[in-house]
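# Results of the structural survey
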Amino acid sequence: MTTLAECEARDAADPLARIRQRFALPDGVIYLDGNSLGALPRAAASHLARVVEAEWGEGLVRSWNTAGWYDAPRRVGAKIARLIGAHDDEVLVADSTSVNLYKLLRAVLSADSARHTILTEPGNFPTDLHIAQGIAAVDPRVRVQLAPREAIADAAGPGTIVLLTHVHYRTCDKYDMAAVNRAVKARGGIVVWDLSHSVGAVALDLAADGAELAVGCGYKYLSGGPGAPAFLYVARHLQARLHSPVTGWLGHAAPFAFADDYVAAPGIDRFQSGTPPILGLAALECGVDLMLETDMALLAAKGQALCDLFIEQVDARCPGLELVTPRDRRVRGSHVSYRHPHAYAVMQALIARGVIGDFREPAVIRFGFAPLYTGFADAWRAVEALAQVLATQAWDDPRFAERARVT
Ligand SMILES: *Cc1c(COP(=O)(O)O)cnc(C)c1O
């Protein structure tokens with residue numbers, strides 16, 4: 001079994017280890033929740049201060065042009081495109097993941113009156129289900145159909161939009177993107193991918209895998225900061241046919257003509273709803289830039305190695321935990337989840353020991369391995385703390401019983 005010394009040696013030899021210093025991680029904390037809120041890039045604090053004081057304070061309205069504010073949604077989108085295997089004119093940073101889901105689903109439904117069914121899996125991330133339900137609630141033509149993941153592709157047909165989260169937020173199951181795209185397309189359907197737990201965690205090649213539409217989150221592995229703006233991806237060949245349902249002025253072909261009538265901008269710009277959140281974009285760009293300093297294949301491989309190590313150690317040292325994440329790295333993302341009857345209290349006891357993961361209903365503890373700033377010794381020490389919490393029943397403490405509202 002792997003020892004702590006071996007883990008420290010792996011960290012010392014890791015070409016990505018130098019990037020850890022570029023994050024402001026608090027002493028005494030092992031942070032395994034970068035898949036919920038990515039850690040703070042040190043550069044973000046000084047960059048934001050400059051954007052606020054110089055660009056906003058001094059530049060004022062001129063900064064829309066002189067500081068690159070106007071171009072930020074496309075500029076940062078083009079950088080994210082490099083992380084997901086897309087062309088630079090196929091990705092736009094805008095709104096939240098939820099709103100982008102709405103925009104893309106609605107755009108596909110409106111472009112083709114023969115499409116009427118949003119097909120997804122039960123247990124998908126709630127916002128994906130809720131956005132689909134909200135669309136169906138106001139459009140009698142649309143229905144939401146649920147099918148288990150292994151039956152999804154077969155359930156698709158010409159009237160279907162398949163809505164899938166590529167890496168499942170709880171179990172970490174990962175779809176074979178190329179195979180799903182191929183199967184759904186062969187049946188006349190189209191797929192919208194939610195990449196929230198994939199981008200920055202696993203190797204993605206949207207173009208090669210035949211992906212046509214996707215959304216993703218800015219504040220998880222991309223370390224864009226709490227509530228960072230999200231992104232959307234529309235493959236070039238669909239851009240002229242799809243229209244955003246939120247026809248705001250900045251998605252207009254000529255916003256500064258201030259015309260009465262809406263004309264959609266050519267290309268991906270039409271999916272911009274309104275004025276972009278510049279402070280949020282500035283923070284997000286710091287996180288994305290850090291990720292671009294490395295190689296996504298290297299990052300993904302390290303994430304998998306961290307998960308493998310964690311699973312191996314828990315197998316050996318933590319009886320009573322049931323693994324709900326696949327052991328096969330080819331079909332999983334970069335987090336590991338376990339079921340335990342007292343999952344919430346177990347996680348609270350761990351957090352009290354400085355190991356931060358999270359709890360997910362029902363009865364699941366989840367550990368994210370953000371490969372940019374998590375080391376092998378971190379994973380080893382986290383298991384040591386977990387083994388101790390379980391062996392001593394440290395979770396059985398009234399302090400750990402009460403549920404927090406936001407976790
Ligand atoms: C985190 C996450 C989101 C986040 O949506 P918001 O609009 O940012 O709240 C959406 N989908 C999935 C699958 C997620 O994991």
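Note that the structure is a prediction, hence the values are computed from the model and not measured.

Criteria and cut-off values
Residues numbered from 1 in each chain as written. Predicted model: local features only at pLDDT ≥ 70, side-chain atom pairs only at ≥ 80, totals over all residues. Heavy atoms only, no water. Buried < 20%, exposed > 50% of the residue type's maximum accessible area, 1.4 Å probe, protein only. Helix = DSSP H or I, 4+ residues; strand = E, 2+ residues; numbered from the N terminus. Right-handed = clockwise from strand over helix to strand, strands pointing away. Pairing = 2+ DSSP bridges. Salt bridge = Lys/Arg side-chain N within 4 Å of Asp/Glu carboxyl O. Contact = heavy atoms within 4.5 Å. Near = heavy atom within 4 Å. Polar contact = N/O pair within 3.5 Å; in protein donor to acceptor, adjacent residues only side chain to side chain. Areas by Shrake-Rupley, 256 points an atom, 1.4 Å probe, with all protein chains shown as cover. 1 Å grid on protein atoms, 1.4 Å probe; cavity = no way out; pocket = protein on both sides within 12 Å on 5 of 7 lines; lining within 4 Å. Sits in = over half its atoms within 2 Å of the grid points. Nonpolar A, V, L, I, M, F, W, Y, C, P; charged D, E, K, R; others polar. Axes fitted to C-alpha atoms, helices over the stretch in contact; angles between N-to-C directions. Points joined across faces, edges and corners; volume = space filled by probe spheres on them.

## Thoughts on the pairing of strand 6 (residues 190-194)
On a regular strand, one side chain projects to one face of the sheet and the next to the other, so that they alternate. Where burial is concerned, most of strand 6 is hidden: five out of the five residues are buried. Alternating positions in strand 6 separate into two faces, Ile 190, Val 192 and Asp 194 on one and Val 191 and Trp 193 on the other, with burial throughout. Handedness of the strand 5 (residues 160-165)-helix 9 (residues 177-186)-strand 6 crossover: right-handed. Note that strand 6 and strand 7 (residues 213-216) share three bridges and pair parallel. Counterpart to Val 192 in the pairing with strand 7 is Leu 213.

## Some remarks on the pattern of salt bridges
Applying the stated rule across the entire model yields 25 salt bridges. Ionic pairing is found between Arg 149 and Glu 121, a salt bridge with its closest N-O pair at 3.1 Å. Taken together, the positions of Arg 149 in the loop between strand 4 (143-146) and helix 8 (152-155) and Glu 121 in the loop between strand 3 (117-120) and helix 7 (126-138) put the pair 28 residues apart, joining distant regions of the chain. Take Arg 149: its relative accessible area is 22%, and that puts it in the partly exposed class. Across the pair Arg 360 and Asp 358 runs a salt bridge, and its minimum N-O distance is 3.6 Å. Each member of the pair Arg 360 and Asp 358 is classed as buried. Each of Arg 75, Lys 79, Glu 285 and Asp 289 takes part in a single network of salt bridges with overlapping partners.

## Structural notes on the side chain of Thr 2
Tracing the backbone through its elements, the reader meets Thr 2 in the segment before helix 1 (4-13). The class of Thr 2 is buried, set by a relative accessible area of 14%. Every residue in contact with Thr 2, bar those within four places of it in the chain, is listed here: Cys 7, Leu 309, Glu 312, Gln 313 and Trp 380.

## Digging into the environment of Gly 333
Of note, Gly 333 is situated in the loop between strand 9 (322-323) and strand 10 (335-339). As for Gly 333 and Ala 203, which are separated by 130 residues in sequence, their C-alpha atoms are 9.4 Å apart.

## Observations regarding the site of the ligand
Neighbouring residues of the ligand: Ser 96, Thr 97, Ser 98, Phe 125, Thr 127, Asp 128, Thr 165, Asp 194, Ser 196, His 197, Tyr 219 and Lys 220. A distance of 3.5 Å separates an oxygen atom of the ligand from a polar atom in the backbone of Thr 97. Interatomic distance of 2.7 Å between a side-chain N/O atom of Asp 194 and a nitrogen atom of the ligand. For the ligand, whose accessible area on its own is 390 Å², the fraction buried by protein is 87%. Cavity membership is defined here by more than half of the atoms lying within 2 Å of grid points; on that basis the ligand lies in the largest pocket. Counting residues per element, the ones that place at least two in the shell around the ligand are helix 6 (97-111) and helix 7. A per-class count over the shell around the ligand returns two nonpolar, seven polar and three charged.

## Topic: the pairing of strand 8 (residues 230-234)
In terms of burial, strand 8 is largely enclosed, as five of its five residues are buried. Across four bridges, strand 7 lies against strand 8 in antiparallel orientation. Its bridge partner being in strand 8, Ala 214 is matched across the sheet by Tyr 233.

## Concerning the sheet that holds strand 9
Spatial strand order, 9-10-13-12: four strands in an open sheet with antiparallel pairing. Of all the strands in the sheet, just strand 9 and strand 12 (358-360) have a single pairing partner and so form its edges. Judged from the three bridges that link them, strand 12 and strand 13 (residues 364-368) form a sheet pairing that is antiparallel. Residue pairing across strands places Asp 358 opposite Arg 366, the latter belonging to strand 13. Running at roughly 25 degrees to strand 10, helix 12 (residues 296-317) makes contact with strand 9, strand 10 and strand 13 of the sheet.

## Brief notes about the layout of surface pockets
Space inside the largest pocket adds up to approximately 260 Å³. Considering the residues around the largest pocket, the lining is formed by 18 residues, among which Ser 36, Phe 125, Ser 196, Tyr 219 and Lys 220 are closest to the centre. When grouped by side-chain class, the residues that make up the lining of the largest pocket number five nonpolar, nine polar and four charged.

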